[in-house]
There are 2 protein chains.
Amino acid sequence: MEHILVRTNGSQANQATALRNRELFEMANITVINLMSAPGAGKTSLLEATIPGLRGWYEVAVIEGDSETELDAERIRALGVPSHQINTGKVSHLDALVINSALTEFPVQGVDLLVIENVGNLICPAYYDLGEKLRLVVCSAVDGSDAPKKYPMMFRRADAIVVNKVDLAASGGAEVAELRRNLREANTTAPIFGVSCRTGVGLGAWLGWMRNAVARRDVLVATNA
Amino acid sequence: MEHILVRTNGSQANQATALRNRELFEMANITVINLMSAPGAGKTSLLEATIPGLRGWYEVAVIEGDSETELDAERIRALGVPSHQINTGKVSHLDALVINSALTEFPVQGVDLLVIENVGNLICPAYYDLGEKLRLVVCSAVDGSDAPKKYPMMFRRADAIVVNKVDLAASGGAEVAELRRNLREANTTAPIFGVSCRTGVGLGAWLGWMRNAVARRDVLVATNA
C-alpha cells in the first residue's frame, strides 16, 4: 500500500506549512474556519445563509476549494463578499501549501473571518491541517445515520457540527435521532446544530455560535494585549 | 504539487492490474459493476432495493469499500448475499490491486454479478479502473444540481446514473430538473433513472436495466460459443 506511505510524508510536509499559516492568521487577527462535508451536504448554502447575518459584525472572506468550476466562488461573490476559487483537479482535498499560495493572490488583511470551504469529501480533508482555528463539519439529515462511524476522524476533530436539510428529514423517521446519537458518540463536546438552509429553521442558534466563535478571538487578543 | 505526480504513477500501475482483473472476470463469466457516489447518496440502499429483484435470475456477490467499519457488508449479508468488506483507512478510493487481493479471500467463482461498492467520494474513484465492465453512479436528488459540473469525470464515464431520493425532491422545486439537464450535459448517452430506495418509486425501470446489463453478457457468451 505505497500510497499510504506517500500521504503520510505529504502530511508531515503539510504540517510545517500549516503552522506557518496559523502564525500568519493569528498575527493578522483573522479567525479561520475549515468548512468540510461530503459533496452536496450544503457547505455553500450554509455560507449563503450565514454571511448576511454577520454583516455589520465582521469583515468576511471565503476561499473555495473544488475539483473543478468557479461556481461556489461566484455564489459567495453574489453576496458581496470577496471569494477566491481553488481548483484541485484530481486531488480531493485542500492542503496548507495551496492555501499559503492562494494568500499571495487573495490578500486577507483587514478580514475578521476567513472561511475555507474544503473539497467535498469526508476522508482526506480530515488529515490536512490548513492552519485553521476551527473545524466545522456539515452533514445532511437525509444521508443516513452512519457517516460518524464510517468517517470518525472527520467528526471527532470537529469544533462544531451542522446537520443540514432537517426540513426534509421529518418524512425520514427516526434516522435523524440516530444520526445525532452517532455524532455524539464520535464527538462528545462539539455543539450540534440542526438547520435547514432552505427554510431557515435553526439558523438563529447557529448564527449565535458563529458570531461568538469570531468574537472569542477578539476577547483573547484583548486579554493578551 | 508532488502528490499529483504520485497519483499519476499510481494510476499507471493500477491500469495493468485492472486489465488483469478484467481478464479474470471475463474468463469466469462474471459481470462486474463499479458502484460509485458521494457518501450517503444511497449506494447500499440501492443494492438492498435491487438484489431481491435479481434473486432467481442471477447469483450475486458484493465487495464493499469503506474507510472504516463493516456496516455495509453486514447490510448485504442480511439479504443472504455473500459480501466482503475492504477498509481503506485514509485512502478515499478502491484500486485494482486491493480488488485483486480481495479475490483470494473472497472467491467469486459461480457468481453472475459482482458489485463493487466503492468508497463514498466523487473524485478519486473516477480515476481508478478496478477491472469492472460497467460503471454505475448514484446521486441524491436533494444535494443540489451542480455535481455533474464539479465532478465531470465521474459522471462522464458512467454507463448508468441513478438519481436517488426523488421522494424528498418534490418540495425542492426545479432543482431536480436542473440536475437532470446537468447530468445529460456531462453524459449524453447513459440512461438516467430517478428512484426512491425508500418508497420504491422508479425501481421497476431500474431493475429492468440491471437484469439486462447482466443478461447481455450471457447473450455475448452464447454467440461466441
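### Considerations on the interface of chain A and chain B
Accessible area lost upon the coming together of the parts is a frequently used measure of interface size.
Then comes step 1: Listed per partner, the contact involves 40 residues of chain A and 40 residues of chain B.
Then comes step 2: Inspection of the chain A/chain B interface yields 6 salt bridges.
Then comes step 3: Taking the shortest distance from any N to any O, the salt bridge between B:D72 and A:K150 comes out at 2.6 Å.
Then comes step 4: Of all elements in the fold, only α1 (2–27), α3 (71–77) and α5 (147–150) of chain A reach the threshold of two or more residues within the side of chain A that touches chain B.

### Side note on the side chain of A:T88
Residues and elements named next belong to chain A.
Then comes step 1: Note on placement: T88 falls in the loop between β3 (83–87) and α4 (96–105).
Then comes step 2: In terms of polar contacts, T88 uses its side chain to reach the backbone carbonyl oxygen of V91, at 2.7 Å.
Then comes step 3: If sequence neighbours within four positions are ignored, T88 has contacts with D66, S67, H93, L94 and V119.

### Topic: the sheet that holds β3(A)
Residues and elements named next belong to chain A.
Then comes step 1: Strand order in the open sheet formed by 7 strands is β3-β2-β4-β1-β5-β6-β7, with parallel pairing between adjacent strands. Strand pairing shows two members of the sheet lacking a second neighbour, β3 and β7 (192–194), which therefore form its edges. Taking each pair of neighbouring strands and ignoring which way they run, the sheet shows an average axis angle of 20 degrees.
Then comes step 2: Where strand β1 (residues 31–37) lies against strand β5 (residues 134–140), 5 bridges are found, and the strand directions are parallel. Across the sheet, N34 pairs through a bridge with R135, a residue of β5.
Then comes step 3: Strands β1, β2 (60–66), β4 (113–117), β5 and β6 (160–164) of the sheet are contacted by helix α2 (residues 43–54), whose axis makes an angle of about 175 degrees with β2.
Then comes step 4: Along the sheet, helix α8 (residues 175–186) makes contact with β5, β6 and β7, crossing β7 at roughly 160 degrees.

### Some remarks on the packing of aromatic side chains
All names here are of chain A.
Then comes step 1: Evaluated as defined, the whole model comprises 8 aromatic pairs over all chains.
Then comes step 2: Relative to W209, the ring of W206 has its centre 5.4 Å away and its plane inclined at 15 degrees; by these criteria the two rings are stacked. Of this pair, W206 and W209 both sit in helix α9 (residues 203–224), separated by 3 residues, roughly a single helical turn. The same class applies to W206 as to W209, namely buried.

### Describing unusual backbone geometry
Residues and elements named next belong to chain B.
Then comes step 1: A positive phi is found at N29, a non-glycine position, where the angle reads about 65 degrees.
Then comes step 2: By the element assignment, N29 lies in the loop between α1 (2–27) and β1 (31–36).
Then comes step 3: Looking at N29, the relative accessible area reads 29%, which means it is partly exposed.
Then comes step 4: One non-glycine residue, T69, lies in positive phi territory at about 75 degrees.
Then comes step 5: Inspection of the secondary structure puts T69 in the loop between β2 (60–66) and α3 (71–77).

### Remarks on the pattern of salt bridges
One side chain can pair with another of opposite charge once the charged atoms of both are near each other.
Then comes step 1: According to the stated counting rule, one finds 22 salt bridges over all chains in the structure shown.
Then comes step 2: One salt bridge in this structure joins A:E132 and A:R135, with 2.9 Å as the shortest N-O distance.
Then comes step 3: We note a salt bridge from A:D143 to B:K165, for which the minimum N-O separation is 2.6 Å. Here the residue A:D143 occupies a position in the loop between β5 and α5, and B:K165 occupies one in the loop between β6 (160–164) and α7 (166–169), the pair thus bridging two chains.

### Quick notes on helix α2 (residues 43–50) of chain B
Along an α-helix, residues three or four positions apart point the same way, because every turn accommodates 3.6 residues.
Then comes step 1: Turning to α2(B), its buried residues are B:K43, B:T44, B:L46, B:L47 and B:T50. Down the axis of α2(B), the smallest arc covering the buried residues is 155 degrees, so these residues share one side.

### Overview of helix α8 (residues 175–186) of chain B
Residue and element names in this part refer to chain B.
Then comes step 1: An ideal rise of 1.5 Å per residue puts 16 Å on 12 residues; α8 measures up with 16 Å between its terminal C-alpha atoms.
Then comes step 2: Where α8 is concerned, the buried positions are V176, L179, N182, L183 and A186. Angularly, the buried residues of α8 cover 120 degrees about the axis, an arc narrow enough to put them on a single face. Of the exposed residues in α8, the ones pointing more than 90 degrees away from its buried face are R181 and E185.

### Let's talk about the relation of the copies chain A and chain B
Then comes step 1: Expressed as a screw operation, the relation of chain A to chain B combines 0.0 Å of axial shift with a rotation of 180 degrees, fitting to an RMSD of 0.0 Å. Those values place the two copies in the arrangement expected of a two-fold rotation axis.
Then comes step 2: Looking at chain A, 100% of its interface residues are interface residues in chain B too, so the copies touch through the same face.

### Observations regarding the nonpolar core
Then comes step 1: Counting residues in hydrophobic clusters, the biggest one holds 88 residues, and the most contacted among them are A:I63, A:L114, A:F155, B:I63, B:L114 and B:F155.
Then comes step 2: Excluding anything up to four places from it in sequence, A:L114 contacts A:F25, A:I30, A:T31, A:V32, A:I33, A:A61, A:V62, A:I63, A:F106 and A:V108.

### With respect to the environment of B:I86
Residue and element names in this part refer to chain B.
Then comes step 1: Position of I86 relative to the elements: it lies in strand β3 (residues 83–87).
Then comes step 2: Given the relative accessible area of 10%, I86 is considered buried.
Then comes step 3: Setting aside residues up to four positions removed in sequence, I86 forms contacts with I63, E64, G65, D66, L94, V98, I99 and A102.

### Topic: the side chain of B:S67
Then comes step 1: Position of B:S67 among the secondary structure elements: in the loop between β2 and α3.
Then comes step 2: Among the polar contacts listed, one links the side chain of B:S67 to the backbone oxygen of B:G89, at a separation of 2.8 Å.
Then comes step 3: What B:S67 contacts, discounting residues up to four positions off in sequence, is A:I123, A:K150, A:Y151, B:N87, B:T88 and B:G89.

### Re the confidence of the model for chain A
Close inspection of predicted coordinates is inappropriate for parts of the model with low pLDDT.
Residue and element names in this part refer to chain A.
Then comes step 1: When pLDDT is averaged along chain A, the result is 91; 89% of the residues meet or exceed 70.
Then comes step 2: Overall, residues 219–225 carries pLDDT values under 50, and its contacts beyond four positions in sequence, including any with other chains, amount to 2 contacts.
Then comes step 3: Overall fold confidence for the complex sits at a pTM of 0.90, while the interface term, ipTM, reaches 0.88.

What counts and how
Along every chain, residues carry numbers that run from 1 in the direction the sequence is written. Labels follow written order: the first chain is A, the first ligand is 1, and so on. Totals for whole chains, interfaces and linings use every residue, but because this is a predicted model, local features are given only for residues with pLDDT of at least 70 and side-chain atom pairs only at 80 or more, for both listing and counting. Based on all heavy atoms of the structure, the side-chain values leave hydrogens and waters out of the count. For this analysis, residues touch if any pair of their heavy atoms sits within 4.5 Å. For salt bridges, the criterion is a side-chain nitrogen of Lys or Arg within 4 Å of an Asp or Glu carboxyl oxygen. A helix here means a DSSP run of H or I that spans at least four residues, while a strand means a run of E at least two residues long, and both kinds are numbered starting from the N terminus. We call two N or O atoms a polar contact when they sit within 3.5 Å, provided that within protein one can donate a hydrogen and the other can accept it, with sequence-adjacent residues counted only if both atoms are side-chain atoms. Here, a strand pair is defined by DSSP locating no fewer than two bridges between the strands. Here an axis means a line fitted to C-alpha atoms, over the contact stretch when the element is a helix, while the angle between two N-to-C directions is reported on a 0 to 180 degree scale. Paired rings are identified among Phe, Tyr and Trp, the last through its six-membered ring, by centres lying within 6.5 Å, and are further divided according to the angle between planes into stacked (under 30 degrees), edge-to-face (over 60) and tilted (the rest). In this scheme, a residue with accessible area under 20% of its type's maximum is buried, one over 50% is exposed, and one in between is partly exposed, where area comes from a 1.4 Å probe on protein chains only. Working note: the arc is built from the helix axis to C-beta atom directions. By definition here, a helix of n residues has an expected span of 1.5 Å times n minus one. When the copies are superposed, the least-squares fit takes in the C-alpha atoms of residues with a pLDDT of at least 70 in both. The definition of a nonpolar core used throughout is a set of buried Ala, Val, Leu, Ile, Met, Phe, Trp, Tyr and Cys residues joined through side-chain atoms within 4.5 Å. Here pLDDT means the predictor's own confidence in every residue, given as a number from 0 to 100.

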